[in-house]
Amino acid sequence: MSTPQSKIQELELLYKISSILNQSLDFEDVAHPVLEVLESAMGVQHATLTLYNRHTGEISIEIAEGLSSRQASKGRYKVGEGVTGRVVETGKPIIIPSVAKDPNFLDRTGRGKDENRAFLCVPVIMEHEVVGALSADVQNPVEEQLPEKLRLLEIIAQMLAAAVKLRRQAREENEILKAENERMAMELKDRFHPDNIIGRAPEMQQVYMQIDQVAKSPLPVLIVGEVGTGKGLVAEAVHFRSDRNLGPFVRVHCASLPESVLDRELFGSEKGALVGVVNEAPGRVEQAEGGTLFLDEVAELSPNLQIKLLRLLQQGEIERVGARFPKKVNVRVICATTKNLQQMVSEGTFREDLYYQLHIVPIYVPALRKRRTDIVLLADSFVEHYSHVVGKNVRRLARGTIEMLMSYPWPGNVRELENAIERAVLVADGDVIYPHHFPPTIQTDETSGTPVSGNLKLMVEAYERDIICDALKSAKGKVAAAARALSTTPRILAYKIKQLGIDENEYKK
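1. Points about the overall build of the protein
If you tally the helices and strands in the protein, you get 19 helices and 15 strands. Residue burial in the protein is summarised as follows: out of 509 residues, 45% are buried. Here the analysis covers contacts within the protein between residues at least 6 apart in sequence; of these, 65% occur between residues at least 24 apart.

See the structure below:
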C-alpha cells in the first residue's frame, strides 16, 4: 500500500519526466534522460524501450540503459514471442517475479536468468495501437511492491507514447526510403550496364558508371586499356547512350595506315589535290557528321596529324588535302590507346596540348586478369554465340575447363578468350567443352591439370577423370545415371572412380 512519502516521490518522478519531455520533441534528446530518471527513482535496472515495426512484424530494442550495443542488437522478437512479444500482442502488462523460473523470459540480450531478479514489461499504447513496450529489471524484489512499480511504469509508458510513436514512424520511413534507394540503385546499375558489354565485376561497374557520366557530354573521351580489353565496345556504348545515337559511328584504326593515306582517310581530299584524284573525297571525319568519330590507337598518329586532330577538337574544323579553306564539322571524338600517353608527352612523341585535350574524361578498361569473376560469364556467352554460328549443340564448360580458364593469365584479354572459345566450340565433338579442346598455349600442366606432353598414362587419366567428374556432376553423384550418360556399366564406372580417387559423394551435395 502506498504511503504519503511514496506518493510524493512518485509525483516528483512524474514531474521530472514531464519536464524532460517538454524540453524537446526529438526522441534522441529525451529517451536516455527519461530512462535514467526512471531507474534512479524507481530502483530498477536495464530500463528498455522496444519498438514494434508494422512492416517487418519485428519488435526490437530502440534504447536501453546498462546494455551494450551488441546486447541491445540481440533483443529482437516476433509478436507473441517471449514476454515482450506477448505484451505487444495483447496490449497487457506482465510481471515475472523470477526470470529464472519463467520459460517465457528468453534472455535474448544475455543478462542471465537470475532467480533473484524480477522483470516488468508494459505496452506503449497510442490511439488504441500498441507502438512498443517499456520494460525494466528489479533486483531482489519485494513481491508485494511489484504491482505498484508496474502501475508506475504504465504511467511513464503512456507519457512516452507520443514520442515513441513519432520515433517508430521515422524508423519505418527510413526503412522504406532505404529500400527505395536500394531499388533505385539496382535500376541505375541496370541502366548503366550497356547491352554490348558483358561483366559484373566491381571494376566493370565503375566503367559502366563512367560511360553513363560521359555519354551525354559533348567532350572528347579517352579510353585506356590493354589490347583486347574491349575499348571499341566501350566507345560504341558511349555513342549509343549519347544524344548522337541516331548519327553515324565511324571507326578509324590509326596504326593500320601510312601517314599520307591516313591523312586523306581522315580529313578527305579536294578534286585534283593528288595525281589521279578526279573527284573530291570526304574523309571519315565528315562521314561522322552529327555522330561520333572513334580513333583507335590514337598514340600512333604522326605529329602532323596530331596538329590536325587538335584543331578539330578545339575549333571544330578540318582541312581537306589540297583545300584552301577549313570546313566546320559537328563531330564528337572518342579516342582509345594501349600506350601511356603521359609518358609519350614527357618523351616528346605526343603533343602535350593534345594530351590534355583528350584527357578531360578518361575511362580505364580493366584487364581480364583483374576481373576474373567475369571469365566464366564471358566464356558462357561466347559458347552460346559460337555454337549458334557453327550450328552445334555445345551447351557448357566442363569443371576442369572452368578451372583452367580461371587460372590462365589471359595476356590477350577478352579477345584471346573469345578466340579460344571459338576454337573450342569448333573442335568439340559433344555438348561439353573440355580442356583438350583449347590451344596448347592455354592447356598447360599448371593451368588445366591436363599434361600436354610427357607421360601418356597421366594424360589419359587426367582426361578420364575430367569426363567422369563432369558426368557425376550432371547426375548429382548417381553412379548408375553417370554410367548411362557415358555409355558404360555402373560396375566399370565404379572401378574407374575408385582407381582415379574420385569421391562421388562430393557431387551428391
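That shown, we press on.
2. Brief notes about the pairing of strand 2 (residues 58–64)
Extensive coverage of strand 2 is indicated by the burial of 6 of its 7 residues. Strand direction decides the pairing type here: strand 1 (residues 45–53) and strand 2, joined by 6 bridges, are antiparallel. Along strand 2, the bridge assignment pairs Leu 51 with Ser 60. Hairpin connection from strand 1 to strand 2: 4 residues lie between these consecutive antiparallel strands, with Gly 57 at a positive phi of about 70°. Examined bridge by bridge, strand 2 and strand 3 (residues 76–78) share 3 bridges and lie antiparallel to one another. Residue pairing for strand 3: Ser 60 is matched across the bridge by Arg 76.

3. Things to note about empty space enclosed by the protein
As enumerated under the stated definition, the model contains 2 cavities of 30 Å³ or more in all. In this model, the largest cavity occupies a volume close to 160 Å³. Surrounding the largest cavity, 16 residues form its lining, Tyr 77, Thr 84, Phe 105, Arg 111 and Phe 119 being those nearest its centre. Going through the elements one at a time, strand 1 and helix 4 (82–90) are the ones with two or more residues in the lining of the largest cavity. Here the lining of the largest cavity gets 3 residues from one element, more than from any other, and that element is helix 4.

4. Structural notes on the pattern of salt bridges
Pairs may arise between side chains of opposite charge once their charged atoms sit close together. One pass over the full model with this rule turns up 22 salt bridges. Salt-bridge contacts for Lys 308 lead to Asp 263; the nearest nitrogen and oxygen are separated by 3.0 Å. In this pair, Lys 308 sits in helix 10 (residues 303–315) while Asp 263 sits in helix 8 (residues 259–267), placing the two residues 45 residues apart along the sequence. The exposure class assigned to Asp 263 is buried, which follows from its relative accessible area of 12%. When the shortest N-O distance is used, the salt bridge between Arg 320 and Glu 270 registers 3.3 Å. Here Glu 270 lies in the loop between helix 8 and helix 9 (284–287) and Arg 320 lies in the loop between strand 10 (317–318) and strand 11 (327–328), a separation of 50 residues in the sequence. The exposure class of Glu 270 is partly exposed, given its relative accessible area of 25%. Each of Glu 270, Glu 286, Arg 320 and Lys 327 takes part in one network of salt bridges that share partners.

5. Re the packing of helix 13 (residues 375–390) against helix 14 (residues 399–407)
Packing of helix 13 against helix 14 leaves a shortest axis separation of 10 Å and a crossing angle of 120°. It follows from the interaxial angle that helix 13 and helix 14 lie oblique. Here helix 13 and helix 14 pass one another in a crossing that is right-handed. Counting all contacts with helix 13, which are made through Ile 375, Val 376 and Ala 379, the residues of helix 14 involved are Ile 402, Leu 405 and Met 406. For the contact of helix 13 with helix 14, a count of residues per class yields 6 nonpolar, no polar and no charged.

6. A look at the environment of Ser 40
Within the element layout of this structure, Ser 40 appears in helix 2 (residues 27–42). Classification of Ser 40 by relative accessible area gives exposed; the value is 60%. C-alpha separation for the pair Ser 40 and Leu 13, spaced 27 residues apart in sequence, amounts to 9.5 Å.

7. Points about the sheet that holds strand 2
Strand-to-strand pairing in sheets goes through backbone hydrogen bonds, with the strands running parallel or antiparallel. One open sheet holds the 6 strands; their spatial order is 3-2-1-6-5-4, and the pairing between them is antiparallel. Among the strands making up the open sheet, the edge pair consists of strand 3 and strand 4 (94–96). On average, each strand axis in the sheet is tilted by 25° relative to the strand beside it, whichever way the strands run. With 10 bridges joining them, strand 5 (residues 117–126) and strand 6 (residues 129–139) adopt antiparallel strand pairing.

8. A word on the packing of aromatic side chains
Overall, the coordinates contain 5 aromatic pairs when judged by the stated rule. With a centroid separation of 5.1 Å and 65° between ring planes, the pair formed by Tyr 355 and Tyr 356 is classed as edge-to-face. Ring geometry for Tyr 408 against Trp 410: centres 4.6 Å apart, planes inclined by 85°, an arrangement best described as edge-to-face. By the ring-pair criterion, three or more aromatic residues cluster together here, those being Phe 240, Phe 249 and Phe 294.

So, how was this worked out
Residue indices follow the written sequence of each chain, beginning from 1 at its first position. Whole-chain, interface and lining totals are the exception, using all residues; otherwise, since this is a predicted model, local features are given only for residues with pLDDT of at least 70 and side-chain atom pairs are given and counted only at 80 or more. For the side-chain quantities, the full set of heavy atoms in the structure was used; hydrogens and water were omitted. Secondary structure elements are defined from DSSP: runs of H or I of at least 4 residues count as helices, runs of E of at least 2 residues count as strands, and each element is numbered from the N terminus. Only protein chains enter the calculation, and the probe is 1.4 Å; a residue is then buried if its accessible area is under 20% of its type maximum, exposed if over 50%, and partly exposed in between. Throughout, a contact is declared for two residues whenever any of their heavy atoms are within 4.5 Å. When DSSP finds two or more bridges between a pair of strands, those strands are recorded as paired. Cavities and pockets are found on a 1 Å grid laid over the protein atoms alone: a cavity is a set of points where a 1.4 Å probe fits but cannot escape, a pocket is an open set with protein on both sides within 12 Å along at least five of seven lines, and a lining residue has an atom within 4 Å of such a point. Grid points are joined across faces, edges and corners, and a volume is the space filled by probe spheres set on the points. A side-chain nitrogen of Lys or Arg and a carboxyl oxygen of Asp or Glu constitute a salt bridge if their distance falls within 4 Å. Think of each axis as a best-fit line through the C-alpha atoms, taken over the contacting stretch in the case of a helix, with angles from 0 to 180 degrees between the N-to-C directions. Every angle not falling under 35 degrees, over 145, or within 65 to 115 is termed oblique; those three ranges are roughly parallel, roughly antiparallel and roughly perpendicular. Helix crossings get a hand from a simple test, with the near helix turned counterclockwise from the far one by less than a right angle marking a left-handed crossing and a clockwise turn marking a right-handed one. In this classification, the charged set is Asp, Glu, Lys and Arg, the nonpolar set is Ala, Val, Leu, Ile, Met, Phe, Trp, Tyr, Cys and Pro, and all remaining amino acids, among them Gly, are polar. Each aromatic pair joins two rings of Phe, Tyr and Trp (for Trp, the six-membered one) with centres within 6.5 Å, and gets the label stacked for planes under 30 degrees apart, edge-to-face for over 60, and tilted for any other angle.

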